[in-house]
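Inside the fold
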Amino acid sequence: MTPAPEDTVLHRIDSNVSWITLNRPEAMNAVTWDQRERVIALLGEASADPAVRAVVITATGKGFCAGADLRGGPAAGGERVAGDVARMIRLGAQRLITAVLDCEKPVLAAVNGTAAGIGAHLALACDLVIAAEPARFIEVFVRRGLVPDGGGAYLLPRLVGPQKAKELMFFGDAVPAAEAERLGLVNRVVPAQELEATAREWAERLAQGPTRALAMTKQLVNASLDGDRAAALAAEATAQEINMTTADANEGVASFVERRTPKYLGR
């Protein structure tokens, strides 16, 4: 009997934080078609729900996500023709990564164990990454004779530069958490028993912040890596113009003038 998506992706909202937890520990959380669709839907819901002001993606067991589990998806049927693979990647792995990048709330990855292939890219697409000491990041595609997908060749060079990205992708060696932190793949490494508490602390800090300003800051930073200076500065000015109409921006300015701690409402 196939588990329901609600069982393989646990979800709760706590203190304005949406916790999305991959829950197939027996498979090192290799992500299935159903899980992928569930995660994409939950990220969309987080964007649209004013009560959600930050997101955490994590997993149960010893693995964060061991890659893609292609079993259990819609039956392809018939003979494969040119375009089928590209369509599968575009509608599958790329949609998952794009859902993280485009989520209008800050997304934090709490990486409890091995993150390989699309699992590594799922973590690296997040805005902040906290890794447990046993975690490892593996560009596993080359071991299977495959080209990296799920946005890997887009994400990695922006984090570590093209030369290091090619080294990681050409050799497919496991990168321990401490080395990942040194390279800039993760923000912080903590003992395994402290991972959830640290993720909760960071997520709740984000959830108490000026949510719309954080959303626009995320968009500006992500877009800055793809465009020229003039476009980046124009986007910055537009974002600030829009942000100044929010209640949180007015609260931030008022609290500064009144010399008190701001109380942001996410609006």
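Above this text is the structure in question.
Residues numbered from 1 in each chain as written. Predicted model: local features only at pLDDT ≥ 70, side-chain atom pairs only at ≥ 80, totals over all residues. Heavy atoms only, no water.

A few points about the packing of aromatic side chains
What counts is decided by this rule: Pairing of aromatic side chains requires ring centres within 6.5 Å, counting the rings of Phe and Tyr and the six-membered ring of Trp. Pairs whose planes differ by under 30 degrees are stacked, by over 60 edge-to-face, and all others tilted. Look at NZ for Lys and CZ for Arg. If either is within 6 Å of the ring centre and within 35 degrees of the ring normal, a charge sits over the ring.
Within this structure, the stated rule accounts for 0 aromatic pairs. The ring of Trp 19 is capped by Arg 12, whose NZ or CZ atom sits 4.6 Å from the centre of that ring. Just above the ring of Tyr 154 sits the side chain of Arg 158; from NZ or CZ to the centre is 3.8 Å.

So, empty space enclosed by the protein
What counts is decided by this rule: Cavity: a set of points on a 1 Å grid over the protein atoms alone where a 1.4 Å probe fits but cannot get out. Pocket: an open set with protein on both sides within 12 Å along at least five of seven lines, its lining residues, like those of a cavity, having an atom within 4 Å of a point. Grid points are joined across faces, edges and corners, and a volume is the space filled by probe spheres set on the points. Each helix is a run of DSSP H or I of at least 4 residues and each strand a run of E of at least 2, with the numbering of both proceeding from the N terminus. Put simply, Ala, Val, Leu, Ile, Met, Phe, Trp, Tyr, Cys and Pro go in the nonpolar bin, Asp, Glu, Lys and Arg in the charged bin, and everything else, Gly too, in the polar bin.
In this structure the tally under the stated criterion is 1 cavity of 30 Å³ or more. Taken as a whole, the largest cavity holds about 60 Å³ of empty space. What lines the largest cavity is simply Ala 120, Leu 124, Phe 137, Ile 138, Glu 139, Leu 156, Leu 168, Asp 173, Val 175 and Leu 185. Secondary-structure elements contributing two or more residues to the lining of the largest cavity are helix H5 (118-124) and strand S8 (136-138). Classifying every residue of the lining of the largest cavity gives 8 nonpolar, no polar and 2 charged.

Re unusual backbone geometry
A positive phi is found at Ser 15, a non-glycine position, where the angle reads about 55 degrees. Structurally, Ser 15 is set in the loop between strand S1 (9-14) and strand S2 (17-22).

Overview of the sheet that holds strand S9 (residues 174-176)
Either a parallel or an antiparallel arrangement is found when strands of a sheet pair, and the pairing is made through backbone hydrogen bonds. The following threshold applies: Should DSSP find at least two bridges between two strands, the strands are taken to pair. Structural elements are reduced to axes, namely lines fitted to C-alpha atoms, with helices fitted over the stretch in contact, and the angle between N-to-C directions of any two is expressed from 0 to 180 degrees.
Taken in spatial order, the 4 strands line up as S4-S6-S8-S9 in an open sheet, and their pairing is mixed. With partners counted over all chains shown, the strands left at the sheet margins are strand S4 (63-65) and S9, one partner each. Each strand axis lies, on average, 20 degrees off the axis of its neighbour in the sheet, ignoring direction. Relative to strand S6 (residues 114-116), S4 runs parallel, the two sharing 2 bridges.

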